[in-house]
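This is what each chain is made of:
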Amino acid sequence: MDDRGTSRSEDVMTTGTTPMDEWKHIPWKPIERNVFKLQKRIYQASLKNDRKKVHRLQKLLMKSRSGRLLAVRRVTQDNQGKKTAGIDGVKSLTPKQRLHLSTSLKVDGKASPLRRVEIPKPGPSETRKLGIPTMHDRALQALVKQALEPEWEARFEANSYGFRPGRSCHDAINAICASVNQQAKWCYDADIAKCFDRIAHEPLLAKVQTSPTLRRQLRAWLLAGVMDHGELTRPKREPRREDASRRFWPTSRCTEWKTTCAPTAGRCRTESRG
């Protein structure tokens, strides 16, 4: 009897699942706290310009279980495009598939092509082309973003508002109103034609100043290509050095806008000049 009880208990210990192995029982608050602590250390090291420490902490964050789980949750549950599939057709993952995806995330320098879709623009018949990565690539991009974001938050200008955590378009509007509420000023709205199709990759990768592992992964994403109606189109390789400056600054269409602000009402209005 004693032997049978012991064998049963050992069998339960070896084959049973613990709450941590199930997605619904994962303690998200401690996981978010662990990721935030690592991001805070990356931010402080970036303020001190300690590049070696920044790269070491980024590697630690991307390999941590907390970082991988949080990246998968943000892509498969929190993001509005969680039910949008890439070229592999994978969407709406089950809890078991989410756990498997979190264990398979690895910065290996590989990337799958994007799926090209067209979404309507505010115009009457215009559409905007949108590239959708696979679920695996989106989770890996979220993981890399968690590592790179605190480094660059410590180095960004105080008056930049695009794609930054905790900032929105309304913050930019308030900053513009605060700077032009005394007198009218000229603003320029630049529309760069085919920016991401023509921009050179090497200046971007050199600007990031990251580790070789992340640089290879970023280059793989830039060169992944687009799958449009069954046809794969990959971006051309970077031009020669003498042509890099011309490719890096694509043709732009600029529109001048006269911006005025009503100091009493605190609202801005714009008048097109052409």
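Look up a bit, the structure's there.
Below is a short write-up of the structure. (Residues numbered from 1 in each chain as written. Predicted model: local features only at pLDDT ≥ 70, side-chain atom pairs only at ≥ 80, totals over all residues. Heavy atoms only, no water.)

## Observations regarding the overall build of the protein chain
Step number 1: Check the secondary structure of the protein chain and you find 11 helices and 7 strands.
Step number 2: For the protein chain, the proportion of its 274 residues judged to be buried stands at 30%.
Step number 3: Pairs at least 24 residues apart make up 67% of the contacts formed inside the protein chain by residues separated by at least 6 positions.
Step number 4: When the accessible surface of the protein chain is totalled, it reaches about 19000 Å², and 53% of it is carbon and sulfur. (Helix = DSSP H or I, 4+ residues; strand = E, 2+ residues; numbered from the N terminus. Buried < 20%, exposed > 50% of the residue type's maximum accessible area, 1.4 Å probe, protein only. Contact = heavy atoms within 4.5 Å. Areas by Shrake-Rupley, 256 points an atom, 1.4 Å probe, with all protein chains shown as cover.)

## Quick look at the environment of Lys121
Step number 1: Relative to the elements of secondary structure, Lys121 occurs in the loop between β1 (114-120) and β2 (127-132).
Step number 2: Apart from the residues lying within four places of it in its own chain, the contact partners of Lys121 are Glu126, Thr127 and Arg128.

## Some thoughts on the environment of Val117
Step number 1: By the element assignment, Val117 lies in strand β1.
Step number 2: Residue classification places Val117 among the buried positions, given a relative accessible area of 19%.
Step number 3: A sequence separation of 14 residues divides Val117 from Gly131, and the C-alpha atoms of the two residues are 6.4 Å apart.
Step number 4: Setting aside residues no more than four positions away along its own chain, Val117 makes contact with Arg128, Lys129, Leu130 and Ile132.

## Structural notes on the sheet that holds strand β4 (residues 226-228)
Step number 1: The sheet built from 4 strands is open, its strands ordered β2-β1-β4-β5 with mixed pairing. The sheet is open, and its two edges are formed by β2 and β5 (231-233), each paired on a single side. Neighbour-to-neighbour, the strand axes of the sheet open up by a mean angle of 40°, direction not taken into account.
Step number 2: When β1 meets β4, the two strands line up parallel, connected through 2 bridges. Along β4, the bridge assignment pairs Arg115 with Met227. (Pairing = 2+ DSSP bridges. Axes fitted to C-alpha atoms, helices over the stretch in contact; angles between N-to-C directions.)

All quantities given are derived from atomic positions and should not be read as evidence of function.
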